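Structural characterization, general
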Amino acid sequence: MDNVIEARGLVKRFGDFTAVNGINFIVRPRECFGFLGPNGAGKTSTVKMIYCHSPVTDGSLKVLGMDVTKEARAIKRRLGVVAQEDNLDPDLTVEQNLLVFSTYFGIPKSEAGERTKELLDFFGLKEKAHTQVDKLSGGMKRRLAIARALINKPDLLILDEPTTGLDPQARHLVWQRLRKLKEQGVTLILTTHYLDEASQLCDRLVIMDRGQILEQGEPKELVARHIGKEVLELGSAVCHDLIPQLAGLTSGHQVVGEALFLYTNDGQALLRKVQELRETNRQYLRPASLEDVFLKLTGRGLHHEGENEVEHAD
Amino acid sequence: MQIKDFFRRPDISWGMFRVFARNLKVYQKTWKASIMFNFLEPLLYLSAMGFGLGAYVSDIKGLSYLNYIAPGFVASSAMWAVSYESTYGSFLRMDYQKTYQAIIATPLSIEDVVLGDMLYGAFKSVLYGSVILLVIFTLGLVASPWALLLPVVLFFSGLLFAIMGLTWSGLAKTFDHFNYYFTLLLTPMFVYSGVFYPLEGMPDFVKEIIWFTPLVHVVNLARGLVLGQVGSYLLVDLAWIIGFIIIFINLPIALIRHRLAR
Ligand SMILES: Nc1ncnc2c1ncn2[C@@H]1O[C@H](COP(=O)(O)OP(=O)(O)OP(=O)(O)O)[C@@H](O)[C@H]1O
Ligand SMILES: [Mg+2]
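**Thoughts on the overall build of chain A**
Across its full length, chain A holds 10 helices and 14 strands. In chain A, which comprises 314 residues, the share counted as buried stands at 53%. Counting contacts in chain A only where the partners sit at least 6 residues apart, residues at least 24 apart contribute 67% of the total. A total of about 14,100 Å² of accessible surface is found on chain A, and carbon and sulfur atoms cover 47% of it.

**Section: the overall build of chain B**
A tally of helices and strands in chain B yields 12 helices and 0 strands. Going from N to C terminus, chain B has its helices and strands arranged as α-α-α-α-α-α-α-α-α-α-α-α. Computed over its C-alpha atoms, the radius of gyration of chain B comes to 19 Å, within 12% of the 18 Å expected for a compact globule of 262 residues. For chain B, the C-alpha atoms occupy an extent of roughly 60 × 40 × 35 Å along the three principal directions. The 262 residues of chain B split such that 55% are buried.

**Things to note about the sheet that holds strand β2 (residues 17-27) of chain A**
Residues and elements named next belong to chain A. Across the sheet, 4 strands lie side by side as β2-β1-β4-β5; this open sheet has antiparallel pairing. Edge positions in the sheet fall to β2 and β5 (66-67), since each of these pairs with one other strand and no more. Here 2 bridges tie strand β4 (residues 58-63) to β5, and the two strands are oriented antiparallel to one another. Considered in β5, the bridge of Val-63 is made with Met-66.

**Re the nonpolar core**
Residues Ile-146, Leu-157, Leu-178 and Leu-290 of chain A together with Ile-136, Leu-150 and Phe-161 of chain B are the most contacted members of the largest nonpolar core, which totals 140 residues. The element best represented in this core is helix α4 (residues 65-96) of chain B, accounting for 15 residues. Viewed by domain, this core spans two of them, domain 1 (5-216) and domain 2 (223-313) of chain A, each represented by three or more residues. Each residue touching Leu-178 of chain A, except ones within four places of it in the same chain, is listed here: Ile-146, Leu-157, Leu-159, Leu-188 and Leu-201 of chain A. In this structure, Phe-25, Ala-41, Met-66 and Ile-75 of chain A belong to the second largest nonpolar core, which totals 31 residues.

**Re the coordination of the magnesium ion (ligand 2)**
Binding of the magnesium ion (ligand 2) to the protein goes through Thr-44 of chain A (OG1) and Gln-84 of chain A (OE1), at separations of 1.8 to 2.1 Å. Of this pair, Thr-44 of chain A sits in helix α1 (residues 43-50) while Gln-84 of chain A sits in the loop between β6 (79-82) and α3 (94-104); the two residues are 40 residues apart in sequence, bridging distant segments of the chain.

**Describing the pattern of salt bridges**
Residues and elements named next belong to chain B. Overall, the coordinates contain 25 salt bridges over all chains when judged by the stated rule. Close ionic contact of Arg-93 with Glu-85 constitutes a salt bridge, the shortest N to O distance being 2.8 Å. Residue Arg-93 is classed as buried on the basis of its relative accessible area of 8%. Its relative accessible area of 9% is what places Glu-85 among the buried residues. Two residues, Lys-207 and Asp-204, come together in a salt bridge whose shortest N-O distance is 3.5 Å. Of the two residues, Lys-207 and Asp-204 both sit in helix α9 (residues 204-211), 3 residues apart, roughly one turn of that helix. For Lys-207, a relative accessible area of 29% corresponds to the partly exposed category. Look at Asp-204 and you get exposed, because its relative accessible area is 54%. Overlapping salt bridges, with partners in common, bring together Glu-85, Arg-93, Asp-117 and Lys-124 in one network.

**So, the packing of α4 of chain B against helix α6 (residues 110-138) of chain B**
Residues and elements named next belong to chain B. Contact geometry of α4 with α6 gives a least axis separation of 8 Å together with a crossing angle of 150 degrees. One finds that α4 runs roughly antiparallel with respect to α6. Of the two possible hands of crossing, α4 and α6 adopt the one that is right-handed. Of α6, the residues touching α4 (which contributes Ala-70, Pro-71, Phe-73, Val-74, Ser-77, Ala-78, Ala-81, Val-82, Glu-85, Ser-90 and Arg-93) are Asp-117, Tyr-120, Gly-121, Ala-122, Lys-124, Ser-125, Tyr-128, Gly-129, Ile-132, Leu-133 and Ile-136.

**Re the sheet that holds strand β11 (residues 230-234) of chain A**
Residues and elements named next belong to chain A. One open sheet accounts for 4 strands, arranged β12-β13-β11-β14; its pairing is antiparallel. In this open sheet, the two strands that pair with only one neighbour each are β12 (250-256) and β14 (283-287). Within the sheet, the average angular offset between the axes of one strand and its neighbour, ignoring direction, is 20 degrees. When β12 meets strand β13 (residues 259-264), the two strands line up antiparallel, connected through 6 bridges. Looking at β13, one finds that His-253 is bridged to Leu-262. Against the sheet, helix α10 (residues 290-298) makes contact with β11, β12, β13 and β14, and its axis sits at roughly 110 degrees relative to β13, the strand it touches most.

Reading guide: rules and limits
Per chain, residue numbering runs from 1 following the sequence as it is written. Chain A is the first chain written and ligand 1 is the first ligand written, with later ones labelled in order. Only residues with pLDDT of at least 70 get local features here, since the model is predicted, and only at 80 or more are side-chain atom pairs given and counted; chain-wide, interface and lining totals rely on the full set of residues. Calculated side-chain values reflect all of the structure's heavy atoms, with hydrogen atoms and water omitted. Secondary structure elements are defined from DSSP: runs of H or I of at least 4 residues count as helices, runs of E of at least 2 residues count as strands, and each element is numbered from the N terminus. Only protein chains enter the area calculation, which uses a 1.4 Å probe; residues under 20% of their type maximum are buried, those over 50% are exposed, and those in between are partly exposed. Any two residues having at least one pair of non-hydrogen atoms within 4.5 Å are treated as being in contact. The Shrake-Rupley method, run with a 1.4 Å probe sphere, supplies the accessible areas, and residue values consider only the shown protein chains as cover. Every radius of gyration here is taken over C-alpha atoms, with the globule rule written as 2.2 Å times N^0.38, N being the number of residues. Two strands are counted as paired when DSSP detects at least two bridges linking them. Throughout, nonpolar core names a set of buried Ala, Val, Leu, Ile, Met, Phe, Trp, Tyr and Cys residues whose side chains join them through atoms within 4.5 Å. Note that the domain bounds were set by an automatic or database domain assignment. Metal sites are built from N, O and S donor atoms within 2.8 Å, or 3.2 Å for Na, K and Ca, and they leave out water, so they may look incomplete. A carboxyl oxygen of Asp or Glu within 4 Å of a side-chain nitrogen of Lys or Arg is what we treat as a salt bridge. Whenever a helix is involved, its axis is fitted only over the stretch in contact; in every case the axis is a line through C-alpha atoms, and angles between N-to-C directions fall within 0 to 180 degrees. Small angles under 35 degrees read as roughly parallel and large ones over 145 as roughly antiparallel, with 65 to 115 read as roughly perpendicular and the rest as oblique. The hand of a helix crossing depends on one turn: near helix anticlockwise from the far one by less than a right angle means left-handed, and clockwise means right-handed.

So, in structure tokens, the structure goes:
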């Protein structure tokens, strides 16, 4: 099957400001593809071009084999979109939101009724069918937004930060539903700045920062390639002088504020060696994650813009 | 907005009627209260001026004062109704509720959304104008069956005022900006367009300025049809309104595109 999305040299500028700076990526059928990056990375700007909302400044972008600049209507007919900002129709009830939305796709009434029932069921909103949208909780609104995006049985579902602002339980509920959709063969694109979300859901992802793609691949493979299996956090950067003596046990390191992060494939051995060499005030061995990859690539954490700036160690 | 956007060929589909239907569905929840309030105001004016002032004004061109001003209120009520809708109403959907944004992620285009809102504005113009027409009819103030054509006029004048309101909405930064629209544009038109008195007494240059504003043409048509004073000169007023629509219909679309599709 052909690629669902092909982006080449894709650029988005707002006046003089470049929000997306010549990125290339491909999304394959039936996969869940993620854009991971901090605030302002250009994730929303990118997906808005994909769902034909923002004009492309430069480069080429094909969605479902069609050019976004020429065949917006035909593309949008086959998309489901959950925007970052809540844009449910507050003038309508839960059920009416789905029914009215179905008319924009020209779905026949009887079919729309059935679809609406199924979707409300699937997303656990049946009891709320006749509730006005502004009376829903944040998690319910998000579920309704996803349900609405599925009313036309899209081939591609685009989710811009589907779980931001939800409590852990509500997030897991959304994740479950998204996994089910993927099993049913829907291609998913999602943006997030949650690492657990990216690693739990995405088959492949790109890491974005300041309008550029820094890395792409499978989450596990990215972690293995850049970091290794584990990270040993040492409480104080005073340990910096240890590094030469740990050669062979670490695959890299990073100074983060006061702390030193050591990347390794054999955490226990590294920990023993460090303890032999020095008393440190804090030692913490943990599995390596995407956040470490991000930290290594950008020198910044995903959620601490400004603070935690690190000197780039290599 | 760039000039070329104004001349861009609009991308229109039947989808605009679905946007219209969406607005209608929301309206179904509030229409009774809404109509009550909208016709209370013109009724207040009509009774206060018609009976109060009418006691002193013996007649205007052979008509009682009440008879003279009644048709103008059909025109102005329709104008107010569509203007509230295409400013506060449309701006709310566009800027706060993001309803427009949600709709343009479906196969519908920005044109479809804006035209759907325009149609809805025209619908309100016809509805609220016709309610007043019915009221003055029951008061015995409608002299001619030509008045049956007035709703058609109200449809076109509704489109015209929707274009004006949506243009302002496309430019407005906040809700407060609509105050200017109402006090600087609509209220002056309301008092200077011959609703309350004939314009013949005005200096020529004032009359000329007024000719270039829209409401006076709607008032002319309303009075002509209601009183049965019909002549080919009314076609000039109709042509003025339709000409305005044709020339400016792309303006709010271009402005709103510039605002949304970024
Ligand atoms: N309409 C706009 N006009 C000007 N600048 C914009 C506009 N939209 C976005 N930007 C800028 O483009 C950059 C990328 O924004 P974007 O919304 O794509 O980031 P993001 O990765 O989605 O961030 P977040 O995680 O906060 O949603 C930001 O610096 C933002 O300020
Ligand atoms: Mg975003």
